[in-house]
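Okay, here's what each chain looks like letter by letter:
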Amino acid sequence: MAAQTPVQINTISEYHRKLGLPKPEHSLVSLIKFEDIPYNPEQAPKTIIHNFYSIALKKTFYAKLKYGQQEIDFDEGTLLFMAPMQVLSIEGPQEPLQHEGWLLLVHPDLLWNTHLAKTIRRYEFFDYKANEALHVSEHEEKMIVGIMQNIMQEARSGIDHYSQNIMVAQLELLLSYAERFYQRQFITRKVSSH
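Residues numbered from 1 in each chain as written. Predicted model: local features only at pLDDT ≥ 70, side-chain atom pairs only at ≥ 80, totals over all residues. Heavy atoms only, no water.

1. Some details on the environment of Gln 185
Within the fold, Gln 185 resides in helix H4 (residues 163-192). Among the residues examined, Gln 185 registers a relative accessible area of 5% and is labelled buried. Taking the C-alpha atoms as reference points, Gln 185 and His 135, separated by 50 residues in sequence, lie 7.2 Å from one another. (Helix = DSSP H or I, 4+ residues; strand = E, 2+ residues; numbered from the N terminus. Buried < 20%, exposed > 50% of the residue type's maximum accessible area, 1.4 Å probe, protein only.)

Quick look at the structure:
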């Protein structure tokens, strides 16, 4: 496969346009169901750099992902975290196969002037080195989807003095659970490899 110049996507609205989705309900956060993304392999960029955080929770996903220079174990995984300004390559089938799951997009401006803006870098699963998707149980998956939906519910309920703090607190809760699940996965894999 020949190297392709990455398409840089700066806003969540721009990302929606590229995927053929309606305008997002909030400019700094969006929750997309994979099933709602129109299938158009010719139009979708194959290599992208986006200027926002991305958390993908998949049920089924019929593509190969490369994050930076490493291929990601996403066939068996459930959750994948991507930081802003990092390269993601997608190699998918030409025939229409429906992906299932959720994609949460969070622009760094949502975190502006919050505790999470200062501490988000400590979550190592956003790093290129984390080339393994997070495996979660059905119960854990429901928790994660519930938190994602809470974030979007707050985004839809009208902006007031508390909106940003509530959305960021929910995001921090999601990241804390993900950190716990990654630690469990690491311990499980370590024990099973002995």
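Structure's up, so let's keep going.
2. Considerations on the packing of aromatic side chains
Summed over the entire model, instances satisfying the criterion amount to 9 aromatic pairs. Here the aromatic rings of Phe 81 and Phe 126 are separated by 5.6 Å at their centres, their planes lie at 80°, and the arrangement is edge-to-face. Of this pair, Phe 81 sits in strand S7 (residues 79-82) while Phe 126 sits in the loop between helix H2 (115-119) and helix H3 (138-156); the two residues are 45 residues apart in sequence, bridging distant segments of the chain. The exposure class of Phe 126 is buried, given its relative accessible area of 6%. Measuring from ring centre to ring centre gives 6.3 Å for Phe 81 and Tyr 182, while their planes differ by 50°; the resulting arrangement is tilted. (Phe/Tyr/Trp six-rings, centres within 6.5 Å; stacked < 30°, edge-to-face > 60°.)

3. Concerning helix H1 (residues 12-19)
When H1 is considered as a whole, its buried residues turn out to be Ile 12, Glu 14, Tyr 15, His 16 and Leu 19. On its buried face, H1 sits against strand S1 (7-9), strand S2 (29-33), strand S3 (47-50) and strand S9 (100-106). Following H1 by one or two positions, Gly 20 has its phi on the positive side, about 75°. (Contact = heavy atoms within 4.5 Å.)

Note that all results are geometric; they support no functional claim without further evidence.
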